[in-house]
Amino acid sequence: MAEIAPFRGLRYSPKAAPDLAKVVIPPYDVISPAEQELFLRTSPYNMVHLELGRSDPSDTPENNSHTRSGRTYEDWVRNGVLVREALPAVYYYELDYALSPGKEATRRGFICAMRLEDFRSGTVRPHEKTFQAVKDERLGLMLSCGANLSSVFSLYSDPESVVDETLRSGREAAPAMAFVDRQGMSHRIWRVTDRGVLQRVAELMKEKAIFIADGHHRYETGLNYRDLQRRRNPSAGPHAAFEYIMMYLSNLNQEGLTILPTHRLLRNLGSWDPESILKRAEAFFEVKRFSSDAPGERMLCSELASRGDRKETAIGFFWDNVGSFFLLSARREPVSSYLAGRGIPVETRGLDVVVLDRVVLRNLLGLSEEYLSSEHNIHFKHDLAESIGAVRSGDYEAAFLINPTRIEQVQEVASAKLVMPHKSTYFYPKVGSGMVIRSLSPEEETVW
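The present account deals with the structure reproduced in this document. Quick caveat: nothing in here was measured; it's all calculated off a predicted structure. The written sequence of each chain sets the order in which its residues are numbered from 1. Only residues with pLDDT of at least 70 get local features here, since the model is predicted, and only at 80 or more are side-chain atom pairs given and counted; chain-wide, interface and lining totals rely on the full set of residues. The side-chain figures draw on all heavy atoms in the structure; neither hydrogens nor water molecules are used.

**Comments concerning the overall build of the protein chain**
This is how the line gets drawn: Helix and strand definitions here come from DSSP, where helices need a minimum of 4 consecutive H or I residues and strands a minimum of 2 consecutive E residues; each element is numbered from the N-terminal end. Here the globule rule is a power law, 2.2 Å times the number of residues to the power 0.38, and the radius of gyration is based on C-alpha atoms. Partly exposed describes any residue whose relative accessible area lies between the buried limit of under 20% and the exposed limit of over 50%, with all areas from a 1.4 Å probe on protein chains only and scaled to the type maximum. Pairs of residues are marked as contacts when any of their non-hydrogen atoms sit within 4.5 Å.
When helices and strands are counted, the protein chain shows 14 helices and 21 strands. Radius of gyration (C-alpha) of the protein chain: 23 Å, near the 22 Å computed for a compact globule of 448 residues. Considering the protein chain as a whole, with its 448 residues, one finds that 53% of them fall into the buried category. In the protein chain, 78% of the contacts between residues at least 6 apart in sequence involve partners at least 24 apart.

Shown next, in the form of C-alpha cells:
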C-alpha cells in the first residue's frame, strides 16, 4: 500500500534567497565538476553546498564534505536561511519546459512524504540497478544532515488525472514558489494544506503501484537509513520521520512526461573493421546505409524516429571514417532467440538498450564488461545531433544512436521485478534540489 503524507517542509527564506534560480540545483549525480564550481560561486546558500560540497585531500572521518554539509545545514536552519513551514503540506508542482524550439510541455506532480516500503512488497518498483559505493556515499551525507535534501522522482498511473485535479482544487491561491531557472524552465509550486483534500489524495494513492523514475540510489539509501535508525531508536513509533522519504510523484499518463534517449559514444576501440561487423550484423538486423552528409543525417534521424513510433527496435550507427550512417533494424526472431539463449528475460528483450548492449556491443563488437564499465571508453549523450557532432570532431570514434525507452516498457520491466541496463532511461527534466527540504529528526513524527 502506498502511504503518502504531508510534512512541514524547510524552505529558503525570501531574504536569504530572493531568487530561487540561484540556489536550486539539478540532482547531484548530473552535476559536472565545472557546474559544481559555478554553483558554489553563485550563492553562499546554493544547495550544492549541502548536496555536493568540495572534497579535500586532507579530509578525515571527522572533517569531510559530508560533515561540512551537516554543519552548514544546521547553520542555515539556526540562522533562518531555511525556515520551517507552520503547517504540514503537500506541494503541488507544475513545470513548463521546452523539448525544442516551438515544442513546449508542462509536467505536473506533487512533493510529499511517502512511507518507505521494501521492494519485495511490490508497492514501490525499481527498474534500474544500483551501485553500493554510491549508496554508501549518499548514506554518509544523510547521516550528517539528518534530512531529505532532494526528492525521489516516481510515477503512478492515473488515466483520469483525479489526483492532480483534487490537489489543484485544494491548493492555495498563489504559488509559494515561482521562478525561472537558468535553462529557461518555469517552476510553480503551491502548498496544499487542506486536511480533507489531503486525506482524499492519500486514499486515492493507497492502491497505486509506485514506479521509481529517477533516484534509485536515494530510495535505497532511504531504506538503509531507516533500518539504521530503527536500531538506534528502538522506541520510535511507526510514524517516525525516518520511516518516510520525500518523494516527487507524477502521473505517468500525462502528456508532459518525457523520457530522452541515451546514445552511446565510444573511443579506444583499437583496431576494428566496421564493414566486417556490419556484414555479421545482417544475421540480426536489416542494415541500411545513408551518406554521411547533412541530407544523410536527416534521413537517418527520420527513419530512426519512425521505427520508434512503430515500436520497432532500431539502432543508428556512425563512424566518421566509414563515410556513412547506418540504420540497424532488428530482425525480431533472430534477436529474440539470441537474447533468450543468453538468459535475457522476455520482458527486456524488446528494449533497444538491451539489444544494443547485448547483440551489438558485446557480441558483434566483442567489447568486454571491463571496457563498457570504464568512463574512459564510453560516454552518454541525450542529444542526437550532439552525439553525431562528437564523432565528427574526433572526440569519439563511434556513436550508437537509439530511441528512448517507452514508459510502458518501464512499467512492464518494473512490474516483473526486473531491472534494465545502466543508462536505460533519462526522465526529463530532472527534479531539482532546493525547493523544499524534509527533516529526518528521530524525535519528529509524520502525522497530520
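**Focus: the packing of helix 9 (residues 294-309) against helix 13 (residues 384-392)**
Describing two packed helices takes the angle between their axes plus the distance from one axis to the other. Put simply, the rule is: Helix axes use the C-alpha atoms of the stretch in contact, all axes being lines fitted to C-alpha atoms, and the angles between their N-to-C directions lie in the range 0 to 180 degrees. Roughly parallel means an angle under 35 degrees; roughly antiparallel, over 145; roughly perpendicular, 65 to 115; everything else is oblique. In this scheme the crossing of two helices becomes right-handed for a clockwise turn of the near helix relative to the far one and left-handed for an anticlockwise turn of less than a right angle.
Taken N-terminus to C-terminus, the directions of helix 9 and helix 13 make an angle of 140°; their axes are 12 Å apart at the nearest point. Between helix 9 and helix 13, the crossing angle belongs to the class labelled oblique. In the crossing of helix 9 with helix 13, the sense of the turn from one axis to the other is right-handed. Between helix 9, through Glu-297, Cys-301 and Leu-304, and helix 13, the contact on the second element is made entirely by Leu-384, Ala-385, Ile-388 and Arg-392.

**So, the pairing of strand 12 (residues 244-251)**
Here is the rule: Paired strands, as defined in this entry, are two strands with at least two bridges between them according to DSSP.
Across the eight residues of strand 12, eight count as buried, placing the element largely inside the fold. Burial along strand 12 is two-sided: Tyr-244, Met-246, Tyr-248 and Ser-250 facing one way and Ile-245, Met-247, Leu-249 and Asn-251 facing the other are all buried. One ladder, built from seven bridges, connects strand 5 (residues 103-115) with strand 12; its direction is antiparallel. Residue pairing across strands places Arg-115 opposite Tyr-244, the latter belonging to strand 12. Relative to strand 12, strand 8 (residues 152-156) runs parallel, the two being bridged by five bridges. Residue pairing in the sheet places Leu-155 in a bridge with Ser-250 of strand 12.

**Describing the pattern of salt bridges**
Applicable threshold: Only one rule defines a salt bridge in this text: a Lys or Arg side-chain nitrogen within 4 Å of an Asp or Glu carboxyl oxygen.
Under the criterion given, the structure shown has 35 salt bridges. For Asp-96, the salt bridge is made with Arg-188, and the minimal N-O distance between the two is 2.7 Å. Here Arg-188 lies in strand 10 (residues 186-192) and Asp-96 lies in strand 4 (residues 90-100), a separation of 92 residues in the sequence. For Asp-96, a relative accessible area of 24% puts it in the partly exposed group. Salt-bridge contacts for Arg-307 lead to Glu-303; the nearest nitrogen and oxygen are separated by 3.5 Å. Residue Arg-307 and its partner Glu-303 are located together in helix 9, separated by four residues, close to a single helical turn. When salt bridges with common partners are traced through the structure, they connect Glu-94, Asp-96, Arg-108, Arg-171 and Arg-188 into a single cluster.

**A word on the packing of helix 5 (residues 162-170) against helix 6 (residues 195-205)**
Cut-off, in case you're wondering: Gly is placed with the polar residues, together with every amino acid not listed as nonpolar (Ala, Val, Leu, Ile, Met, Phe, Trp, Tyr, Cys and Pro) or charged (Asp, Glu, Lys and Arg).
Here helix 5 crosses helix 6 at 170°, and the two axes come no closer than 9 Å. With respect to helix 6, the axis of helix 5 lies roughly antiparallel. Between helix 5 and helix 6, the contacting residues are Val-162, Val-163, Thr-166, Leu-167, Ser-169 and Gly-170 on the first element and Val-197, Arg-200, Val-201, Leu-204 and Met-205 on the second. For the contact of helix 5 with helix 6, the residue count by class is seven nonpolar, three polar and one charged.

**What about the sheet that holds strand 14 (residues 263-266)?**
Reading across the sheet, the six strands line up as 15-17-16-19-14-18 and stay open at both edges, with antiparallel pairing between neighbours. Edge positions in the sheet fall to strand 15 (285-291) and strand 18 (378-381), since each of these pairs with one other strand and no more. Within the sheet, the average angular offset between the axes of one strand and its neighbour, ignoring direction, is 20°. Bridging between strand 14 and strand 18 involves four bridges; their strand directions are antiparallel. Following the sheet pairing, His-263 is matched in strand 18 by Lys-381. Of the strands in this sheet, strand 14, strand 16 (314-319), strand 17 (324-330), strand 18 and strand 19 (398-402) touch helix 13, which is tilted by about 165° from strand 19.

**A short note on unusual backbone geometry**
A cis amide bond links Tyr-428 to the next residue, Pro-429, at an omega of -5°. By the element assignment, Pro-429 lies in the loop between strand 20 (426-428) and strand 21 (438-439). At Lys-417, a residue that is not glycine, the phi angle is positive and equals roughly 60°. When you line up the elements, Lys-417 lands in the loop between helix 14 (407-415) and strand 20. Residue Lys-423 is not a glycine yet carries a positive backbone phi of 60°. Checked against the element boundaries, Lys-423 lands in the loop between helix 14 and strand 20.

**Some remarks on empty space enclosed by the protein**
Cut-off, in case you're wondering: Definitions used for this entry: grid spacing 1 Å over protein atoms alone; cavity, a set of points where a 1.4 Å probe fits but cannot get out; pocket, an open set with protein on both sides within 12 Å along at least 5 of 7 lines; lining residue, one with an atom within 4 Å of a point. Grid points are joined across faces, edges and corners, and a volume is the space filled by probe spheres set on the points.
Inspection of the entire model under this criterion finds four cavities of 30 Å³ or more. Space inside the largest cavity adds up to approximately 150 Å³. What lines the largest cavity is a set of 13 residues, among which Met-142, Ala-147, Leu-149, Ser-150 and Arg-218 lie closest to the centre. When residues of the lining of the largest cavity are traced back to their parent elements, those giving at least two are helix 4 (132-145), strand 7 (147-148), helix 7 (216-232) and strand 12.

**Details of the packing of aromatic side chains**
Let me state the cut-off plainly: Stacked, edge-to-face and tilted are the three classes for Phe, Tyr and Trp ring pairs, Trp counted by its six-membered ring, which pair at centre distances within 6.5 Å; planes under 30 degrees apart are stacked, over 60 edge-to-face, the rest tilted.
Overall, the coordinates contain 14 aromatic pairs when judged by the stated rule. Between Tyr-93 and Tyr-248, the aromatic rings sit 5.7 Å apart at their centres with planes inclined by 70°, giving edge-to-face as the arrangement. Here Tyr-93, found in strand 4, pairs with Tyr-248, found in strand 12; they are 155 residues apart in sequence, far enough to count as distant. On the basis of relative accessibility, which here comes to 2%, the residue Tyr-93 falls in the buried class. Its relative accessible area of 1% is what places Tyr-248 among the buried residues. Considering the side-chain rings of Phe-153 and Phe-427, the 5.8 Å spacing of their centres and the 65° angle between planes classify their relative orientation as edge-to-face.

**Concerning the pairing of strand 4**
Where strand 4 lies against strand 10, seven bridges are found, and the strand directions are antiparallel. Of the residues in strand 10, the one forming a bridge with Tyr-91 is Arg-191. In this structure, strand 4 lies alongside strand 5, joined through nine bridges in antiparallel fashion. The residue of strand 5 that forms the bridge with Tyr-93 is Gly-109. The hairpin formed by strand 4 and strand 5 contains two residues between the paired strands, and Gly-102 there has a positive phi angle of roughly 85°.

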